[in-house]
Amino acid sequence: MNPVQSDNAIKAAARASVTIGRPADELRTLWLDPGTQSRIWTHFAEVNPLDGRTAEWLARGPAGGEYRWRSEAVEVGPDEIRWSSLDGADVPNTGQLIFRPAPGDRGTELHLEVRFDPPGGVIGEAVSKLFHIVPGEIVRHALYKFRALALTGEIPTTDPQPAARKGGADR
Amino acid sequence: MRALCWNGVNDLRVETVADPAILNPKDVILKVRLSTTCGSDLHLIDGLIPTMREGDVLGHEFMGEIVDVGREVTKVKRGDRVVVPSFIACGQCWYCQHDLYSLCDTSHPKPELQEPLLGYPTAGIYAYSHAFGGYAGSHAEYVRVPFADTDCFVVPDGLADEDALFISDAAPTGFMGADFCNIQRGDLVAVWGCGGVGLMAQQGAMILGAERVIAIDQYPERLAKAEAFGAIPLDFTKVDVIDALKELTGGRGPDACIDAVGMEAAGTGLQHAYDRVKQALYMETDRGTALRQAMLAVRKGGTLSILGVYGLMDKFPLGLLMNKGVTVRTAQQHGQAYVPRLLEHALRGELTPAALATHRFSLEDSPTGYHMFKHKEDGCVRAVFAP
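Residues numbered from 1 in each chain as written. Chains lettered and ligands numbered in written order. Predicted model: local features only at pLDDT ≥ 70, side-chain atom pairs only at ≥ 80, totals over all residues. Heavy atoms only, no water.

*Asks:* In this structure, what is going on with the packing of helix α2 (residues 24-32) of chain A against helix α5 (residues 135-152) of chain A? I would like to understand it.
*Replies:* Packed helix pairs are specified by the crossing angle of their axes together with the interaxial distance, meaning the distance between the axes. Residue and element names in this part refer to chain A. At a closest axis distance of 11 Å, the pairing of α2 and α5 adopts a crossing angle of 115°. One element, α2, and the other, α5, form an angle in the roughly perpendicular class. Every pair of crossing elements has a handedness; the one defined by α2 and α5 is right-handed. Facing L27, L30 and W31 of α2, the residues of α5 in contact are L143, F146, L149 and A150. In terms of residue class, the contact of α2 with α5 is made up of seven nonpolar, no polar and no charged. (Axes fitted to C-alpha atoms, helices over the stretch in contact; angles between N-to-C directions. Helix = DSSP H or I, 4+ residues; strand = E, 2+ residues; numbered from the N terminus. Parallel < 35°, antiparallel > 145°, perpendicular 65-115°, else oblique. Left-handed = near helix turned anticlockwise from the far one by under 90°. Contact = heavy atoms within 4.5 Å. Nonpolar A, V, L, I, M, F, W, Y, C, P; charged D, E, K, R; others polar.)

This is how it looks when you write it as structure tokens:
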């Protein structure tokens, strides 16, 4: 294996884990709810679900860059959900979410990994530059939002709120 | 509405901003009745915390009346007079269910700003920089309160606004610090700091059964308040605190020491903030001294309860704690765990939080209030704003 390529491949893969005090089947149902997907990736992309298995993604980069792809679930099992972008994606990518029981009364562990294959080669930095967000943050924040949604039914926000800027409100 | 806004270092102005709106179904909007200053605000104001943004509305210790409710709010209702802890907690996550509310897993909307510093995001807090969530504060006519059924506590009739106000933060923080001491019969508790939190820690230790409470500070008017509460005052500028404590405890040392001073200048622990504190060395030295003194004074096998807000302190004599077998307890306030009993204590007159409210201002005059509070003019313990 070429060590340089290996390093770059790791940079382009983003992983994060959270533990949520709910059973796996309930969390899986919530994850697969099309409305959920459109709410938990907002820091990264607009996700428009087409049906239970496919969705359209639009990620905006700095300086007006727009990157689109369509994703499709390729496997939905009791402990694992996998999806992949379809042919023609501006930034090909795959995702995998694994559910594992957490110890004691702690509920369920969610392990999320998304791999990006930006045009021009697999380079982690390219992902950051394309989307203006580091890959790790893309998945971590999505999992945090999902955890909040699963536990409280809402996602924390301060947008918009009073502030002495931009005409009196922070957006 | 009108609100007190931070516009840069020591630049506070009351400005006209948009009214807050209900953003999530468990939110309420409060018409603020009273809101107060906190020592930890001073470091935001002094610009020691880099994730403040010009225009942020200040204030995290408050009470008021509910004027609008989200569609999923069931326990509290429009018209309720309520007090709200400064940390925002969902009541549903593992931390909230274990009474560790300031560590709530779900209330921080900007975890990416905080996680690199602490390893994990904490609960969000009102007006305590964007690294702590960036929620708009309470020095305003109205404030949005998320998770209202968990975070709004109805103030019983017969309890004054001024008493309820400090049950938002100073009282639960101080009481939690005393609770950390696991006070047993005959225990002596020493408290460094006679500001709002220190005074409430002293009353908390008394309520929890301390034999004696010793209050350490340098400001006569604050020591007088501690003495009025029943504590033994010690002026650290006039006596050798370690010697005095040994004498007061028959050579044993206090069973528990509570640090209610802190090194708040280091704020959130951001390196930038710490560097600036290092430049202002007198602050670091002064404030770190209180904690080191408490570590030296506490008896062997005793408890050190840390309430002062610390950042990165790189000269911490760990061996002192290890060799003496000291138990260290610390946290930001888990207020929701304490507010119900504190309202009861206040109603019975065992806790007298209103004594902290030394100066009262309109919201329009709040910059003057902060000036007096910061410089401890005219014996100011806390400045209270009535919008």
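Still more ground to cover, so stick around.
*Asks:* How should I be thinking about the sheet that holds strand β1 (residues 2-6) of chain B in this particular structure?
*Replies:* Strand pairs in the sheet, formed through backbone hydrogen bonds, run parallel or antiparallel to each other. All names here are of chain B. As summarised here, the arrangement of the three strands in space is β2-β1-β4, forming an open sheet in which the pairing is antiparallel. The open sheet has two edge strands, β2 (12-16) and β4 (56-57), and neither has a second partner. Sheet topology places β1 next to β4; two bridges connect them, and they run antiparallel. Residue C5 lies in a different strand from β4, and its bridge partner there is V57. (Pairing = 2+ DSSP bridges.)

*Asks:* Even after reading the chapter, I still don't get the packing of aromatic side chains, so can you show me in this structure?
*Replies:* The geometry of an aromatic ring pair is captured by two quantities: the separation of the ring centres and the angle between the planes. With the rule as written, the count across this model stands at 16 aromatic pairs over all chains. Ring centres 6.1 Å apart and planes at 35° place the aromatic pair W31 of chain A and W83 of chain A in the tilted group. Taken together, the residues W31 of chain A in helix α2 and W83 of chain A in strand β5 (residues 80-85) connect sequence positions 52 residues apart. Across the pair, exposure class does not vary: W31 of chain A and W83 of chain A are buried alike. Centre to centre, the rings of W94 of chain B and Y95 of chain B are 5.1 Å apart; their planes meet at 80°, and the pair counts as edge-to-face. Among the residues examined, W94 of chain B registers a relative accessible area of 33% and is labelled partly exposed. Cluster of aromatic residues (ring-pair linked, three or more members): W31, W41, F44, W57, W69, W83, F116 and F146 of chain A. (Phe/Tyr/Trp six-rings, centres within 6.5 Å; stacked < 30°, edge-to-face > 60°. Buried < 20%, exposed > 50% of the residue type's maximum accessible area, 1.4 Å probe, protein only.)

*Asks:* I would appreciate a short explanation of the sheet that holds strand β1 (residues 13-20) of chain A in the present structure.
*Replies:* All names here are of chain A. The strand order β1-β7-β6-β5-β4-β3-β2 describes an open sheet built from seven strands, whose pairing is antiparallel. Edge positions in the sheet fall to β1 and β2 (45-49), since each has one partner strand and no second. Going from strand to strand, the sheet's axes swing by 20° on average, the running direction of each strand aside. Summarising the sheet, β1 and strand β7 (residues 108-116) pair through eight bridges and their orientation is antiparallel.

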